[in-house]
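Examination of the molecular architecture
Chain by chain, the residues run as shown.
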Amino acid sequence: MKNKNRGLIFDLQRLSLVDGPGGRTVVFLKGCPLACIWCANPELISPDREIILKDKKCALLEKCVEVCPQNAISIMDGQRIIDWDKCDRCGKCADACPSRAIEHIGEYVTTDEIMKVVMQDVRFYRVSGGGLTLSGGDPLSQPEFALTLLKAAKQKKVHTALDTCGFAKWELFKSLLDHTDLLLYDIKHIDSARHKEITGEPNELILSNLQKTAAGSDSRSGLKIWIRYPLIPDINDGDDDIDNLCRFVADLGPLVEKIALLPYHDLGAEKYAAVGRKYSLAKTSPHPNEIVSKIKARVESYGLVAGIGGGK
Ligand code: SF4
Ligand code: SF4
């Protein structure tokens, strides 16, 4: 069960050099309120524990077929097939598979367990200017747990970064902001109707939370904001999309330090089938470098600081 002291995470990475300044410990919380059609981590979208198939490891031992209470697994033409409509993600097949050809996604951990790991690298944070980053999925999918973690880190004087899409009621979002030093804030599309088409949700709440945060009156002093904009070919890379984004960001004021452009890649595409989801951008190719550079220059022409990639 999830609560303020226990959450479901996908991974915890130490000594990371991305997702904020310096060297960081990054906790990837499971679950996201959006479902972006290009998401490189489809196994993190569901807030629940689930399974992922590792077909190359499958030795056709059929243990999974024997234990599945839903009769969702069959062997056909020398291949293990899962009927995802029948599967309720109970995970019994992953427990039974000796080859680890089906694995669990998501582990329950306590805040104490995470903080124990976080505190092992305190000297590294001090030297590099790093700290703790909550990412995902999206930390807003487990807000109470995220809040406890941020508070615990601040009590230990560890720098905190919150990597989020911002889709939450203001009061809840603000409660996390009060313990955040750096906000890594995603804007997926500046047009709300288009945002809904490509993420499943409109963007008014997201943009309004960002405006209130940037206005600074409700947030802790010293907060900084980095905007993150995934550049998806033919989805949000048109001149109008970029111009409207830049006008919006330019109006936010000095708390915004930069826009990080995150070029599309298809490294997550294969995972979709492995977790029973469909990938709709199979025919999309990444932008050539010169197009990304042109878009960066366009952003900079608005007087904004732009970078490529999600690092420092
Ligand atoms: S907000 Fe991020 S984690 Fe959530 S669906 Fe979009 S890309 Fe994936
Ligand atoms: S996770 Fe799905 S396929 Fe695996 S045992 Fe449970 S119902 Fe069957």
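Residues numbered from 1 in each chain as written. Chains lettered and ligands numbered in written order. Predicted model: local features only at pLDDT ≥ 70, side-chain atom pairs only at ≥ 80, totals over all residues. Heavy atoms only, no water.

Take the site of ligand 1 next. The environment of ligand 1 is made up of Cys32, Leu34, Ala35, Cys36, Cys39, Ile45, Gly137 and Lys188. Per-class residue counts for the shell around ligand 1 are six nonpolar, one polar and one charged. (Near = heavy atom within 4 Å. Nonpolar A, V, L, I, M, F, W, Y, C, P; charged D, E, K, R; others polar.)

In the sheet, strand S1 (residues 6-16) pairs with strand S7 (residues 107-110) via four bridges, with the strands oriented antiparallel. Pairing of Gly7 across the sheet is with Val109, part of S7. (Pairing = 2+ DSSP bridges. Helix = DSSP H or I, 4+ residues; strand = E, 2+ residues; numbered from the N terminus.)

Looking at ligand 2, the residues that line it are Ile51, Cys68, Pro69, Gln70, Ile73, Cys87, Asp88, Arg89, Cys90, Gly91 and Cys93. The class makeup of the residues in the shell around ligand 2 is seven nonpolar, two polar and two charged.

Let's shift gears to unusual backbone geometry. What is expected of a backbone is that most residues other than glycine have negative phi and most peptide bonds are trans. For the bond from Gly136 to Gly137, the omega torsion is 20 degrees, close enough to zero to count as cis. Inspection of the secondary structure puts Gly137 in the loop between strand S8 (131-136) and helix H5 (143-155). Phi at Arg100 takes a positive value of approximately 55 degrees, unusual for a residue other than glycine. Mapping Arg100 onto the fold places it in the loop between helix H2 (92-96) and strand S6 (102-105). Within the chain, Lys157 stands out as a residue other than glycine whose phi angle is a positive 60 degrees.

This next bit is on the domain arrangement of the protein. You can read the domains of the protein as domain 1 (6-46 + 107-279) and domain 2 (50-104). A straight line from the C-alpha centre of domain 1 to that of domain 2 covers 32 Å. Taken together, the contact between domain 1 and domain 2 spans eight residues of the former and seven residues of the latter. Surface buried jointly by domain 1 and domain 2 totals about 590 Å² across both partners, of which 51% is contributed by carbon and sulfur atoms. On the domain 1 side of the contact with domain 2, Ala274, Val275 and Gly276 bury the most area, a combined 61% of that side's loss. For the interface between domain 1 and domain 2, the tally reads one salt bridge. Between Glu50 and Lys30 there is a salt bridge, with its nearest N and O atoms 2.7 Å apart. For the pair domain 1 and domain 2, the interface holds three residue pairs in polar contact (both at pLDDT 80 or more). Partitioned by chemical class, the residues of the side of domain 1 that touches domain 2 number three nonpolar, two polar and three charged. (Domains from an automatic or database assignment. Contact = heavy atoms within 4.5 Å. Buried area = accessible area lost by both parts, 1.4 Å probe. Salt bridge = Lys/Arg side-chain N within 4 Å of Asp/Glu carboxyl O. Polar contact = N/O pair within 3.5 Å; in protein donor to acceptor, adjacent residues only side chain to side chain.)

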